[in-house]
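Fold and geometry: a report
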Amino acid sequence: MFRGLRHQAVAQGLASPYLSNFGEVSKTELKFQETEVADAYMVPPIMFSPGFMPGASAYRETLTLMVGVYESTVEAETVETFLNRIANELRNVDCSG
């Protein structure tokens, strides 16, 4: 069934979007011996087009959104535009309660 849907998406020029929320990398600060970790994030799997799977993770009150694609199947500019649109939407979210 999945293969059929994937082939249909390819034939129609559509993507098969997914989103993986990895959650918090750690609720406490990470250390390697005495060295604190400044930034940490999870990396989603690389997918061939039409698959497209951004992944979100957080560490130290910073949200990281990434996507892994093969440049031979998706233009880097397309991915950057997509991620920038999501970032802009998130910046406009009112979190004041």
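Let me begin by describing the structure that accompanies this report.

Scoring rules and cut-offs
Residues numbered from 1 in each chain as written. Predicted model: local features only at pLDDT ≥ 70, side-chain atom pairs only at ≥ 80, totals over all residues. Heavy atoms only, no water. Helix = DSSP H or I, 4+ residues; strand = E, 2+ residues; numbered from the N terminus. Polar contact = N/O pair within 3.5 Å; in protein donor to acceptor, adjacent residues only side chain to side chain. Contact = heavy atoms within 4.5 Å. Salt bridge = Lys/Arg side-chain N within 4 Å of Asp/Glu carboxyl O. Buried < 20%, exposed > 50% of the residue type's maximum accessible area, 1.4 Å probe, protein only. Pairing = 2+ DSSP bridges. Axes fitted to C-alpha atoms, helices over the stretch in contact; angles between N-to-C directions. Phe/Tyr/Trp six-rings, centres within 6.5 Å; stacked < 30°, edge-to-face > 60°. Patch = residues over 30% accessible without salt bridge, like charges linked within 9 Å, V, L, I, M, F, W, Y side chains within 5 Å. Areas by Shrake-Rupley, 256 points an atom, 1.4 Å probe, with all protein chains shown as cover.

In this section: the side chain of S57. By secondary structure assignment, the location of S57 is in strand β7 (residues 54–59). Here M42 takes part through its backbone nitrogen, which lies 3.1 Å from a polar atom of the side chain of S57. Non-local contacts of S57, meaning those with residues more than four positions away in its chain, are made with F22, G23, V25, Y41, M42, T62, L63 and T64.

Another aspect to go through is the pattern of salt bridges. All chains considered together, the criterion is met by two salt bridges. Linking E24 and K27 is a salt bridge whose minimum nitrogen-to-oxygen distance equals 3.0 Å. Under the relative-accessibility criterion, E24 is labelled partly exposed at 46%. Judged by its relative accessible area of 74%, K27 is exposed. Of the charged contacts in the structure, one is a salt bridge between E29 and R60, with a shortest N-O distance of 3.9 Å. A residue pair is termed long-range when its members are at least 10 positions apart, and E29 in the loop between β2 (20–24) and β3 (31–32) and R60 in the loop between β7 and β8 (62–69) qualify at 31 residues. Judged by its relative accessible area of 39%, R60 falls in the partly exposed class.

With that out of the way, let us pick up the sheet that holds β8. Taken in spatial order, the four strands of this open sheet run β2-β7-β8-β5, and their pairing is mixed. Where the open sheet ends on each side, the last strands, each with one partner, are β2 and β5 (46–47). Two strands pair when backbone bridges link them, and β7 and β8 are joined in this way by six bridges, in the antiparallel orientation. When the bridges of β8 are listed, Y59 appears paired with T62. Where helix α2 (residues 76–91) meets the sheet, its contacts fall on β7 and β8, and the angle it forms with β8 comes to roughly 160 degrees.

Okay, the packing of aromatic side chains next. Going through the model one piece at a time under the given rule, you end up with two aromatic pairs. Relative to Y70, the ring of F48 has its centre 3.9 Å away and its plane inclined at 10 degrees; by these criteria the two rings are stacked. In this pair, F48 is assigned in the loop between β5 and β6 (51–52) and Y70 in the loop between β8 and α2, connecting sequence segments 22 residues apart. For F48, a relative accessible area of 46% translates into the label partly exposed. Relative to F82, the ring of F52 has its centre 5.0 Å away and its plane inclined at 85 degrees; by these criteria the two rings are edge-to-face.

Judged by side-chain polarity, I46, F48 and Y70 come together as a nonpolar surface patch covering roughly 300 Å² of accessible area. Tracing the backbone shows I46 in strand β5. The exposed category is assigned to I46, whose relative accessible area is 52%.

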